[in-house]
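What follows is each chain in one-letter form.
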Amino acid sequence: MRRPLVAGNWKMHGTRQSVESLLQGLSQQDWPSDVDVMIAPPALFIQQCRDALTDLPVRLGAQSCAYQAEPGALTGEISPAQLRDAGCEFVLVGHSERRSLFAETDEIVCRKFAAALACGLRPVLCVGETREQRDAQLTAEVVGGQLQVILDTFGVGGLAQGVVAYEPVWAIGTGLTAEPEQAQDVHAMIRARLAMLDDEQAQRVQILYGGSVKADNAEALFSMPDIDGGLVGGASLNADEFGAIVRAAGRA
Ligand code: 13P
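Before going into details, it helps to say that this report is about the structure given with it. (Residues numbered from 1 in each chain as written. Predicted model: local features only at pLDDT ≥ 70, side-chain atom pairs only at ≥ 80, totals over all residues. Heavy atoms only, no water.)

### Considering helix 5 (residues 106-118)
Along its 13 residues, helix 5 runs 18 Å from first to last C-alpha, staying within 8% of the 18 Å computed at 1.5 Å per residue. Buried within helix 5 are the following residues: Val109, Cys110, Lys112, Phe113, Ala115, Ala116 and Leu117. Along its buried surface, helix 5 packs onto helix 3 (80-85), strand 4 (90-93), helix 4 (96-101), strand 5 (122-127) and helix 7 (139-160). (Helix = DSSP H or I, 4+ residues; strand = E, 2+ residues; numbered from the N terminus. Expected span 1.5 Å × (residues − 1). Buried < 20%, exposed > 50% of the residue type's maximum accessible area, 1.4 Å probe, protein only. Contact = heavy atoms within 4.5 Å.)

### So, the layout of surface pockets
If you add up the space inside the largest pocket, you get close to 540 Å³. Surrounding the largest pocket, 21 residues form its lining, Ala43, Gln63, Ser64, Arg98 and Phe102 being those nearest its centre. Residue classes in the lining of the largest pocket are distributed as 12 nonpolar, five polar and four charged. (1 Å grid on protein atoms, 1.4 Å probe; cavity = no way out; pocket = protein on both sides within 12 Å on 5 of 7 lines; lining within 4 Å. Points joined across faces, edges and corners; volume = space filled by probe spheres on them. Nonpolar A, V, L, I, M, F, W, Y, C, P; charged D, E, K, R; others polar.)

### Observations regarding the site of the ligand
As a matter of local geometry, the ligand sits amid Asn9, Lys11, His95, Glu167, Ala171, Ile172, Gly173, Gly211, Ser212, Leu231, Gly233 and Gly234. Between an oxygen atom of the ligand and a main-chain N or O atom of serine 212, the distance comes to 2.8 Å. Between the ligand and glycine 234, the relevant distance is 2.8 Å, taken from an oxygen atom to a main-chain nitrogen or oxygen of the residue. A total of 310 Å² of accessible area belongs to the ligand in isolation, and the protein chains cover 96% of it. Here the shell around the ligand is built from residues that sort into three nonpolar, seven polar and two charged. (Near = heavy atom within 4 Å. Polar contact = N/O pair within 3.5 Å; in protein donor to acceptor, adjacent residues only side chain to side chain. Areas by Shrake-Rupley, 256 points an atom, 1.4 Å probe, with all protein chains shown as cover.)

### Here we look at the state of the cysteines
Counting across every chain of the model gives zero disulfides. With no disulfide partner, cysteine 126 has as its closest neighbouring cysteine sulfur the one in cysteine 65, 12 Å distant. Overall, the relative accessible area of 2% leaves cysteine 126 in the buried class. (Disulfide = S-S within 2.5 Å.)

### Description of the packing of helix 1 (residues 16-27) against helix 2 (residues 46-53)
Interaxial distance between helix 1 and helix 2 falls to 11 Å at its minimum, and their mutual angle equals 25°. If you check the angle between helix 1 and helix 2, you find them roughly parallel. As for how helix 1 packs across helix 2, the hand of that crossing is right-handed. Every residue of helix 2 that contacts helix 1 at Arg16, Val19, Glu20 and Leu23 is listed here: Gln48, Cys49, Ala52 and Leu53. (Axes fitted to C-alpha atoms, helices over the stretch in contact; angles between N-to-C directions. Parallel < 35°, antiparallel > 145°, perpendicular 65-115°, else oblique. Left-handed = near helix turned anticlockwise from the far one by under 90°.)

### Things to note about unusual backbone geometry
Unlike most non-glycine residues, glutamine 137 shows phi in positive territory, near 60°. Tracing the chain through its elements places glutamine 137 in the loop between helix 6 (131-135) and helix 7. With a phi close to 60°, serine 212 is a non-glycine residue in the positive phi region. Examined against the element boundaries, serine 212 turns out to sit in the loop between strand 7 (207-210) and helix 10 (218-222).

### Quick notes on the packing of aromatic side chains
Aromatic ring pairs: the centre-centre distance and the angle between the two ring planes describe each pair. By the definition in use, this model includes three aromatic pairs. Between the aromatic rings of phenylalanine 113 and phenylalanine 154, the centroid separation amounts to 5.1 Å while the plane-to-plane angle is 45°, which identifies the pairing as tilted. With phenylalanine 113 in helix 5 and phenylalanine 154 in helix 7, this residue pair connects regions lying 41 residues apart in the sequence. On the basis of relative accessible area, phenylalanine 113 is assigned to the buried category, the value being 0%. (Phe/Tyr/Trp six-rings, centres within 6.5 Å; stacked < 30°, edge-to-face > 60°.)

### Side note on the sheet that holds strand 2 (residues 36-40)
In spatial order, the strands read 1-2-3-4-5-6-7-8; together these eight strands close into a barrel with parallel pairing. Going across the sheet, the axis of each strand differs from the next one's by a mean of 25°, ignoring polarity. One ladder, built from three bridges, connects strand 6 (residues 163-166) with strand 7; its direction is parallel. Paired with valine 164 across the bridge in strand 7 is isoleucine 207. (Pairing = 2+ DSSP bridges.)

### A closer look at the nonpolar core
In terms of nonpolar packing, the biggest core is built from 68 residues, with Ile39, Ile190 and Phe222 touching the most fellow members. At eight residues, the largest contribution of residues to this core is made by helix 7. Residues within four places of isoleucine 39 in sequence aside, it is in contact with Gly8, Trp10, Leu23, Leu26, Cys49, Leu53, Val58, Arg59, Leu60, Gly61 and Phe242. Ranked by size, the runner-up nonpolar core spans 12 residues in total, among them Ala7, Val163, Ala165 and Leu208. (Core = buried A, V, L, I, M, F, W, Y, C linked by side-chain atoms within 4.5 Å.)

See the structure below:
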């Protein structure tokens, strides 16, 4: 069936020195063979991580990319082709922090998704609702809308070349994890929506949960039938805790 994937999003954390010790900690983990692992460091440290990860079953991802694959006059941006060249296999697109703080619209997210696929990267499409939207019972509409833009362009088959990460905005960095059943409800809704279009492809799509995943709540979350792993922020900055979360995905 679906292979679990646990990804660490380091966000804007780290110095060369702290990255070195985090990598050192990661090199000492016991990695299960039945879970895919990915870390997404700040772009500045991708090279450093690549050099250190050569003997480890840990893949590399980026936290964002430019919306075009071709080189060009986009000051400050990094193209998906450059990320691929640097050794990345994944890239996050549409993280809620990019949407809210950097005004990334669904259209831009869609262009990034396309550019990533064109360069052979697996885009990790992040979707999720705010607290206000959840309270107004708009979760299905908001998450469905964020997915729909990608589905309109690429279909379920195109989406399945990437990964979906459900990250309720109210659970990110707040310590307020969604209850496993609460997260499962949304994951099941996402899969049902995809299955209406193409059931076979829908069963293949990995749907990760993100939002205050920790070593002590990971197994309960990952045991849910439609939760195929996690996108971990804060807890991925601690090698032992991240290792424990990955191993929880192997047990779940
Ligand atoms: P936290 O795990 O720190 O809540 O962050 C989640 C996240 O945004 C991962 O992309």
